[in-house]
Amino acid sequence: GGPALLSRFRGALVGAVLGDCVGGEFEGAEEVPLERVLQHLSALEHEERGDGILQYSDDTAMTRCVVQSLLTRGIFDQHDLARRYNGVPPVGTDMQEDPPGLAPTVSCGSCRFAEEYRSAPGRGYGSGVIQVLRKLASPRLSDVFQPARSQFGGRGSFGNGGAMRAAPFALAFTELAHVKKYSRLGAMLTHYCSLGYNGAVLQALAVHLALQGALDVPQAFINSLISEMEDVEAEEQAVSDACALGEPEFPFCSRLRRVKEFMERSSVSIEEVTSELGNGIAALHSVPTAIFCVLHCLEPQPELPERYSGFERTVTYCLSLGGDTDTIACMAGAIAGAHYGIEAVPPAWQRWCEGAEEAEVWAEHLYQLYQRS
Ligand code: 8NA
Ligand code: MG
Ligand code: MG
């Protein structure tokens, strides 16, 4: 039952782009009255819009790079994702003998992290990640993980920039172990701290489960995420990073347990969500929050328009939290889109969002790749 798999693929990628584009309006705002969110969204339903199209930010720019690299190579190739290279892949490239890629049939452009940043540096990148992106462009660099490793005094970034672009990994790999492995490596190119890359693993897992209809049983969905993250966070590096940063052991698991508590309550205020789950730029303060937004909006909400689909409710709710609204809505949009399918995504919103049409095309190509693997 539920939406067809292709509809879920389209929903996931278009949902991510829409969350980024419509969420940009409130990025960094401390408090966002729901009325302002509803006004912003209802303006999208008009044929004419004085403010023109809503541009996407770093979230979508980097997601496009992940999609294009996965499609071109047909596998995960960290050198290709970091920057374009000519000739033979450098030693250590994690590649299968016979990649099931679409390389011969699909032309995917040349958008990779380093080139994308150079061609459009004004997309709202985090202040730290810019240094990594500049270093990745250097032809002398052989270890593409080195720039990320040297961030923040050798600790690496714990920002949500790895998680915001993690959805395509769930659409490219059928096996859970591969989704985990490659979403982690894909994030490590810029986010070498476990609190950064494990946020990407969590986001990719949430999209992976949603694609399979797991959100039909919300309790089972959250329990699966907790049990997967218990494995992920048992790793030595995760334990030592949590301790060094003054976080409890198993930081993502403990926030997911808080999500579960919130699910069991009849009402939860915006203040409780932002203070206990967070709405900030750290992956730990935003990925569990995005997951909560999806779960919270599975049922109609009295304060939201009745005609709204579950996807519309989710994005509206994310924006009303304030803080890193574009990124939280991007991540929640991907999960919600994978659950409800493209039918729940309003065409009126798509019309005003840069990159939404292209996201439909990527979804179809990734679907073909997924079917082959
Ligand atoms: P990042 O890797 O530069 O991290 C973002 C920020 O988090 C850094 O600039 C630091 O301030 C802080 N940070 C990360 N790791 C550490 C650490 N180990 N020690 C101390 N401080 C640290 O960028 P990113 O790619 O993770 O991007 C995160 C967010 O920034 C995204 O939402 C993106 O859209 C962007 N952004 C956010 C806002 C906002 O107001 N929320 C505004 C502009 C841009
Ligand atoms: Mg952004
Ligand atoms: Mg952001």
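The notes below deal with the structure included here.

About the criteria used
- Residues numbered from 1 in each chain as written.
- Chains lettered and ligands numbered in written order.
- Predicted model: local features only at pLDDT ≥ 70, side-chain atom pairs only at ≥ 80, totals over all residues.
- Heavy atoms only, no water.
- Helix = DSSP H or I, 4+ residues; strand = E, 2+ residues; numbered from the N terminus.
- Rg over C-alpha atoms; globule rule 2.2 N^0.38 Å.
- Contact = heavy atoms within 4.5 Å.
- Lys, Arg positive; Asp, Glu negative; His and termini not counted.
- Charge placed at Lys NZ, Arg CZ, Asp CG, Glu CD.
- Phe/Tyr/Trp six-rings, centres within 6.5 Å; stacked < 30°, edge-to-face > 60°.
- Buried < 20%, exposed > 50% of the residue type's maximum accessible area, 1.4 Å probe, protein only.
- Lys NZ or Arg CZ within 6 Å of the ring centre and 35° of its normal.
- Salt bridge = Lys/Arg side-chain N within 4 Å of Asp/Glu carboxyl O.
- Axes fitted to C-alpha atoms, helices over the stretch in contact; angles between N-to-C directions.
- Parallel < 35°, antiparallel > 145°, perpendicular 65-115°, else oblique.
- Left-handed = near helix turned anticlockwise from the far one by under 90°.
- Nonpolar A, V, L, I, M, F, W, Y, C, P; charged D, E, K, R; others polar.
- Near = heavy atom within 4 Å.
- Polar contact = N/O pair within 3.5 Å; in protein donor to acceptor, adjacent residues only side chain to side chain.
- Donors = N, O, S within 2.8 Å, 3.2 Å for Na, K, Ca; no water.
- Core = buried A, V, L, I, M, F, W, Y, C linked by side-chain atoms within 4.5 Å.
- Tetrahedral: all angles 85-135°; square planar, octahedral: opposite > 155°, others 65-115°.
- Expected span 1.5 Å × (residues − 1).

**Brief notes about the overall build of the chain**
Here comes step 1: If you tally the helices and strands in the chain, you get 19 helices and zero strands.
Here comes step 2: Computed over the C-alpha atoms, the radius of gyration of the chain is 19 Å, within 12% of the 21 Å expected from 2.2 N^0.38 for a compact globule of 373 residues.
Here comes step 3: In terms of overall dimensions, the chain has C-alpha extents of about 55 × 50 × 40 Å along its principal axes.
Here comes step 4: Long-range contacts, defined as pairs at least 24 residues apart, comprise 76% of the intrachain contacts of the chain with a sequence gap of at least 6.
Here comes step 5: Averaged over its 29 positive side-chain charges, the chain has a centre that lies 7 Å from the centre of its 48 negative ones.

**Re the packing of aromatic side chains**
Here comes step 1: Summed over all chains, the structure comprises 10 aromatic pairs.
Here comes step 2: With a centroid separation of 5.0 Å and 75 degrees between ring planes, the pair formed by Phe9 and Tyr370 is classed as edge-to-face. Pair noted here: Phe9 is in helix 1 (residues 5–23) and Tyr370 is in helix 19 (residues 356–372), with a separation of 361 residues, a long-range link.
Here comes step 3: The class for Phe9 is buried, based on a relative accessible area of 0%.
Here comes step 4: Judged by its relative accessible area of 10%, Tyr370 falls in the buried class.
Here comes step 5: Taken together, Phe76, Phe169, Phe173 and Tyr182 form an aromatic cluster joined through their ring pairs.
Here comes step 6: Stacked on the ring of Tyr56, the Lys or Arg Arg123 has its end atom at 3.9 Å from the ring centre.

**Focus on the pattern of salt bridges**
It is possible for side chains of opposite charge to pair when their charged atoms get near one another.
Here comes step 1: Counted by the stated rule, this structure contains 15 salt bridges.
Here comes step 2: Linking Arg307 and Glu45 is a salt bridge whose minimum nitrogen-to-oxygen distance equals 3.4 Å. With a gap of 262 residues between them, Arg307 in the loop between helix 15 (287–296) and helix 16 (310–320) and Glu45 in the loop between helix 2 (34–42) and helix 3 (58–73) connect regions that are remote in the sequence.
Here comes step 3: Overall, Arg307 belongs to the exposed group, its relative accessible area being 57%.
Here comes step 4: When its relative accessible area of 34% is taken as the criterion, Glu45 is described as partly exposed.

**Re the environment of Cys65**
Here comes step 1: Structurally, the position occupied by Cys65 is in helix 3.
Here comes step 2: You can call Cys65 buried: its relative accessible area is 0%.
Here comes step 3: Here the alpha-carbon distance between Cys65 and Leu133, two residues 68 residues apart in the chain, equals 13 Å.
Here comes step 4: Leave out the neighbours within four places in its chain, and Cys65 touches Leu81, Cys111, Arg112, Phe113 and Glu116.

**Examining the packing of helix 15 against helix 16**
Here comes step 1: At a minimum axis distance of 8 Å, the contact between helix 15 and helix 16 shows a crossing angle of 135 degrees. Comparing their axes, helix 16 and helix 15 come out oblique. Judged by the sense of rotation from one axis to the other, the crossing of helix 15 with helix 16 is right-handed. The segment helix 15 lies against helix 16, with Phe292, Cys293, Val294 and His296 engaging Thr314, Tyr317 and Cys318.
Here comes step 2: Across the contact of helix 15 with helix 16, the residue classes break down as five nonpolar, two polar and no charged.

**Focus on the site of ligand 1**
Here comes step 1: Around ligand 1, a shell composed of 22 residues is seen, among which Gly128, Ser157, His191, Asp324 and Thr327 lie nearest.
Here comes step 2: One nitrogen or oxygen atom from the main chain of Gly161 is found 2.9 Å from an oxygen atom belonging to ligand 1.
Here comes step 3: Breaking the shell around ligand 1 down by element, the ones donating at least two residues are helix 3 and helix 17 (325–340).
Here comes step 4: The residue makeup of the shell around ligand 1, split by class, is four nonpolar, 12 polar and six charged.

**Some remarks on the coordination of the magnesium ion (ligand 2)**
Here comes step 1: Looking at the metal site, the magnesium ion (ligand 2) is ligated by Ser57 (OG), Asp58 (OD), Asp59 (OD) and Asp326 (OD), spaced 2.1 to 2.3 Å from it.
Here comes step 2: One chain supplies every donor to the magnesium ion (ligand 2), and in sequence these donors are spaced S-D-D-x266-D.
Here comes step 3: The magnesium ion (ligand 3) is placed at 3.4 Å from the magnesium ion (ligand 2), the two being bridged by Asp326. One end of the pair, Ser57, is in the loop between helix 2 and helix 3; the other, Asp326, is in helix 17, with 269 residues separating them in the sequence. Neither Ser57 nor Asp326 differs from the other in exposure class; each is buried.

**Notes on the nonpolar core**
Here comes step 1: Counting 123 residues, the largest nonpolar core has Phe221, Leu225, Met229, Ile291, Phe311, Ile335 and Leu366 as the members making the most contacts within it.
Here comes step 2: With 12 residues, helix 10 (residues 194–211) is the largest single contributor of residues to this core.
Here comes step 3: The contact partners of Leu225, leaving out residues within four places of it in the chain, are Leu202, Leu205, Ala206, Leu209, Leu256 and Ile291.

**Observations regarding the coordination of the magnesium ion (ligand 3)**
Here comes step 1: Looking at the magnesium ion (ligand 3), the protein donor atoms are Glu27 (OE), Asp324 (OD), Asp326 (OD) and Thr327 (OG1), and they sit 2.1 to 2.7 Å from it.
Here comes step 2: The site at the magnesium ion (ligand 3) holds six donor atoms, and with the angles between them running 70 to 165 degrees, its shape is irregular.
Here comes step 3: Site description for the magnesium ion (ligand 3): donor spacing in sequence, E-x296-D-x1-D-T.

**Looking at helix 11 (residues 218–233)**
Here comes step 1: When the terminal C-alpha atoms of helix 11 are compared, their 22 Å separation across 16 residues agrees well with the 22 Å that a helix rising 1.5 Å per residue should span.
Here comes step 2: Within helix 11, burial applies to Phe221, Ile222, Leu225, Ile226, Glu228, Met229, Val232 and Glu233.
Here comes step 3: Considering only its buried residues, helix 11 is in contact with helix 9 (176–188), helix 10, helix 12 (236–244), helix 13 (251–264), helix 15 and helix 17.

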